[in-house]
Amino acid sequence: MPLVNMKPLLRDAMENGYAVAAFNLVDYGSTKAMVKAAEELNAPVICQTSAKTIKFYSHKEIVSWVRTAAEDSPVPVVLHLDHCKDLEMIEACAKAGWTSIMIDASELPFEENLEMSKRVRDIADKYGVGMEAELGQIMGVEDDMVVAEEESVLTDPEDAQKFCDALDLSAFACAVGTAHGFYHGDPKVDFDRIEAINKLTKTPMALHGGTGLSDEVFRKAIERGAAKINISTNLKHVFVESFVKYHMENPKDFEPLRVIDAQYQACKLLFSSFIAKFGGENRAPAYLSKAA
Ligand code: 13P
């Protein structure tokens, strides 16, 4: 089916106590694997792209991969732009076929962040796509953005309410103690903050920094309003390690398709396990019946 807007998908997730998995795609194989994993579980999925990945390939290539993978699939697939600070790139994505865009102006003071995010609200409206914006600063390294632990600012629930009321977001990204990249030590996720933010904003929360969180953390975050959960680092590792592992185990096999297939299967397994963990299994029909 054609790519879908993120908003109704995440509303359904928030209202029914599950989260839609969002994976940062790397190439066509990993894109196809995430859509196939979703299809096998009859689940919705979000294929998302970092700005760096778009610059490496092109808008045209990425849209064609995701559309191709989704076209013959019966499950809803979103193409979302992850953390982006560049309004030109954001508009180019919306124009090229992304069905959701994210502005990350979280390093700016509240009013400037809101102002910049409102400009992206206009872009999202112009193209009829979903929108995510961020308030507070999430720790760790994502794309080329680095936020050290001492610089990270957890999101204030009342500011979050003002921000969300002004923006009508499909997903609200906020800092609740999770971090991009692998955790050093136990993550200190602030569940009370997740709950307080969700109560005031009534907006599906995007939980960033999914790699390395326990099943228990996922469950508690979803119960309190996390409706989109981002996974990137974990995929990067499986993508590289599965390729290397195949070659180490089969040093004389130089048939690329077998190597690529081993990588594809490993990525698909990773995607399936997260989709199922977040409660996405058999959730596609709810979206499809609402959309009909
Ligand atoms: P991880 O790299 O920790 O999985 O986080 C992904 C993310 O939040 C992308 O925005």
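To keep things clear, this report deals only with the structure shown in the data block. As the structure is a computational prediction, the values presented were derived from the model and not from experiment.

1. Some thoughts on unusual backbone geometry
Not every positive phi belongs to a glycine, and aspartate 168 is a case in point at roughly 50°. Checked against the element boundaries, aspartate 168 lands in the loop between helix 7 (157-167) and strand 8 (171-174). A residue is classified by how much of its surface remains accessible, and aspartate 168, at 45% relative accessible area, is partly exposed. The phi torsion at lysine 202 lies on the positive side, around 50°, for a residue other than glycine. Residue class for lysine 202 comes out exposed when judged on its relative accessible area of 54%.

2. Brief notes about the site of the ligand
In the vicinity of the ligand there are 15 residues, among which Asp82, Gly209, Thr211, Ser232 and Thr233 approach most closely. Serine 232 has a polar backbone atom sitting 2.8 Å from an oxygen atom of the ligand. Residue threonine 233 places a side-chain N or O atom 2.5 Å away from an oxygen atom belonging to the ligand. Relative to its unbound accessible area of 300 Å², the ligand is 100% covered by the protein chains. Among the secondary structure elements, those contributing two or more residues to the shell around the ligand are strand 9 (179-180) and strand 11 (226-231). A per-class count over the shell around the ligand returns two nonpolar, eleven polar and two charged.

3. Some points on the sheet that holds strand 6 (residues 139-142)
Backbone-to-backbone hydrogen bonds join strands into a sheet, with any given pair of strands oriented parallel or antiparallel. On the basis of which strands lie adjacent, the open sheet formed by three strands has the order 7-6-9 and mixed pairing. Each of the sheet's edge strands pairs with one partner strand only, and the pair in question is strand 7 (145-147) and strand 9. Inspection of the sheet shows strand 6 paired to strand 9 by two bridges, in the parallel sense. Note that in strand 9 the partner of methionine 139 across the bridge is alanine 179.

4. Quick notes on the packing of helix 2 (residues 28-41) against helix 4 (residues 59-71)
Between helix 2 and helix 4, whose axes approach to 9 Å, the crossing angle comes to 30°. Our classification of the angle between helix 2 and helix 4 gives roughly parallel. Crossing handedness for the pair helix 2 and helix 4: right-handed. Residues Tyr28, Thr31, Lys32 and Val35 of helix 2 form the contact with helix 4, whose own contacting residues are Trp65, Val66, Thr68, Ala69 and Ala70.

5. Some remarks on the packing of aromatic side chains
All chains considered together, the criterion is met by nine aromatic pairs. With centroids separated by 4.6 Å and ring planes inclined at 75°, the aromatic side chains of tyrosine 57 and tryptophan 65 adopt a geometry described as edge-to-face. Look at phenylalanine 163 and phenylalanine 172: their rings are 5.9 Å apart centre to centre, the planes differ by 45°, and that puts the pair in the tilted class. In this pair, the class of phenylalanine 163 matches that of phenylalanine 172, namely buried. Members of the aromatic cluster, each reached through a chain of ring pairs, are Phe23, Phe218, Phe271, Phe274 and Phe278. Across from the ring centre of tyrosine 264, 5.6 Å away, lies the NZ or CZ of lysine 32, which sits over that ring. Here lysine 162 stacks its cationic end above the ring of phenylalanine 110, 5.7 Å away from the centre of that ring.

6. A closer look at helix 4
In this model helix 4 runs 18 Å from its N-terminal to its C-terminal C-alpha over 13 residues, within 8% of the 18 Å that 1.5 Å per residue would give. Those residues of helix 4 that fall on the buried side of the exposure criterion are Ile62, Val63, Trp65, Val66, Ala69 and Ala70. Seen along its axis, helix 4 keeps its buried residues to an arc of 160°; they face one direction. Facing away from the buried side of helix 4 by over 90 degrees, the exposed positions are Lys60 and Glu71. Close packing links the buried residues of helix 4 with helix 2, strand 2 (45-49), helix 3 (51-56), strand 3 (77-81) and helix 5 (87-96).

Conventions and cut-offs
- Residues numbered from 1 in each chain as written.
- Predicted model: local features only at pLDDT ≥ 70, side-chain atom pairs only at ≥ 80, totals over all residues.
- Heavy atoms only, no water.
- Helix = DSSP H or I, 4+ residues; strand = E, 2+ residues; numbered from the N terminus.
- Buried < 20%, exposed > 50% of the residue type's maximum accessible area, 1.4 Å probe, protein only.
- Near = heavy atom within 4 Å.
- Polar contact = N/O pair within 3.5 Å; in protein donor to acceptor, adjacent residues only side chain to side chain.
- Areas by Shrake-Rupley, 256 points an atom, 1.4 Å probe, with all protein chains shown as cover.
- Nonpolar A, V, L, I, M, F, W, Y, C, P; charged D, E, K, R; others polar.
- Pairing = 2+ DSSP bridges.
- Axes fitted to C-alpha atoms, helices over the stretch in contact; angles between N-to-C directions.
- Parallel < 35°, antiparallel > 145°, perpendicular 65-115°, else oblique.
- Left-handed = near helix turned anticlockwise from the far one by under 90°.
- Contact = heavy atoms within 4.5 Å.
- Phe/Tyr/Trp six-rings, centres within 6.5 Å; stacked < 30°, edge-to-face > 60°.
- Lys NZ or Arg CZ within 6 Å of the ring centre and 35° of its normal.
- Expected span 1.5 Å × (residues − 1).
- Arc of directions from axis to C-beta.

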